[in-house]
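# Architecture and fold: a report
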Amino acid sequence: MSDSRFITLDEIDRQLIALLQINARESVATLARQLGIARTTVNSRLERLEKNKVISGYGVRLGQQVMGGGLQAYVGIKVQPRSGKEVVRRLSAMGQVQQLCAVSGEFDYVAWLSTDSPEQLDQLLDQIGSVDGVEKTTTSIILSSKVDRGQPT
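All residue numbers refer to position in the chain's written sequence, counted from 1. Note on the predicted model: pLDDT of at least 70 is required for a residue's local features to be given, and 80 or more for side-chain atom pairs to be given and counted; whole-chain, interface and lining totals, by contrast, use all residues. The side-chain figures draw on all heavy atoms in the structure; neither hydrogens nor water molecules are used.

## Here's the deal with the environment of Asn 52
Filter applied, for reference: Strands here are runs of E lasting at least two residues and helices are runs of H or I lasting at least four, both read from the DSSP assignment and numbered beginning at the N terminus. Under this definition, polar contacts are N or O atom pairs within 3.5 Å; protein pairs additionally need one hydrogen-donor-capable and one acceptor-capable atom, and for neighbouring residues in sequence, both atoms have to be side-chain atoms.
Turning to its location among the elements, Asn 52 is positioned in the loop between α3 (39-51) and β1 (71-79). As a C-alpha pair, Asn 52 and Ile 7 span 45 residues in sequence and 7.4 Å in three-dimensional space. In terms of polar contacts, Asn 52 uses its side chain to reach the backbone carbonyl oxygen of Arg 48, at 2.9 Å.

See below:
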């Protein structure tokens, strides 16, 4: 099986990916026209990029209005040594944790949270803080989105 760390992307691959990040539902014909290549070439490149996990999926981004006044927040999480696996397991079971990333720096993980209200966010943060192995959390509530190029999945 191929590994995306070893696949070489040329300029057309990068342009194709950039166009899909803007609109993943763009037709192959439109992509081909914008890139100045044949539709069959677009199809074969997409197939190769998907097969090699350069493109790992397609998704839907909801507008902030659809979130129904909900809150989104990022929380930095510092864990005690050798507690990472259990913390990840516990956070994975929390449906309001939309994404969890291991990071370098002051924190070990950063989680993207989505809740319906400030009260629900408060309860979720209490839950996260009470997980065995969680040493410290720091939360930033999202006020508005200035640039959004897609993801989290």
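## What about the sheet that holds strand β4 (residues 134-141)?
Strand-to-strand pairing in sheets goes through backbone hydrogen bonds, with the strands running parallel or antiparallel. Inclusion rule: Between any two strands, pairing holds if DSSP finds at least two bridges. Axis definition: a line fitted to C-alpha atoms, limited for helices to the stretch in contact. Angles are taken between N-to-C directions and run from 0 to 180 degrees. In what follows, residue pairs with any heavy atoms lying within 4.5 Å of each other are defined as contacts.
Spatially, four strands are ordered β2-β3-β1-β4 in an open sheet, and the strand pairing comes out antiparallel. Unpaired on one side and paired on the other, β2 (97-102) and β4 mark the two borders of the sheet. Between one strand axis and the next, the sheet turns by 20° as a mean value, whatever way the strands run. Note that β2 and strand β3 (residues 109-115) share five bridges and pair antiparallel. Residue pairing across strands places Cys 101 opposite Val 110, the latter belonging to β3. Its contacts with the sheet put helix α5 (residues 118-129) on β1, β3 and β4, and the angle it makes with β3 is roughly 150°.

## Here we look at the pattern of salt bridges
Convention followed: The rule for a salt bridge is simple: a side-chain nitrogen of Lys or Arg has to be within 4 Å of a carboxyl oxygen of Asp or Glu. Burial classification: accessible surface area is computed with a 1.4 Å probe over protein chains only, and a residue below 20% of its type maximum counts as buried, one above 50% as exposed, and the rest as partly exposed.
Within this structure, the stated rule accounts for six salt bridges. With a closest N to O distance of 3.7 Å, Glu 11 and Arg 14 form a salt bridge. Of this pair, Glu 11 and Arg 14 both sit in helix α1 (residues 11-22), separated by three residues, roughly a single helical turn. Here Arg 89 ties to Glu 86 by a salt bridge, and the two come within 2.6 Å at their closest N and O atoms. Here Glu 86 and Arg 89 lie together in helix α4 (residues 84-92), a separation of three residues that amounts to about one turn. Take Glu 86: its relative accessible area is 34%, and that puts it in the partly exposed class. Salt bridges linked by common partners bring Asp 10, Asp 13, Arg 45 and Arg 48 together as one network.

As far as function goes, none of this settles anything; it's purely spatial.
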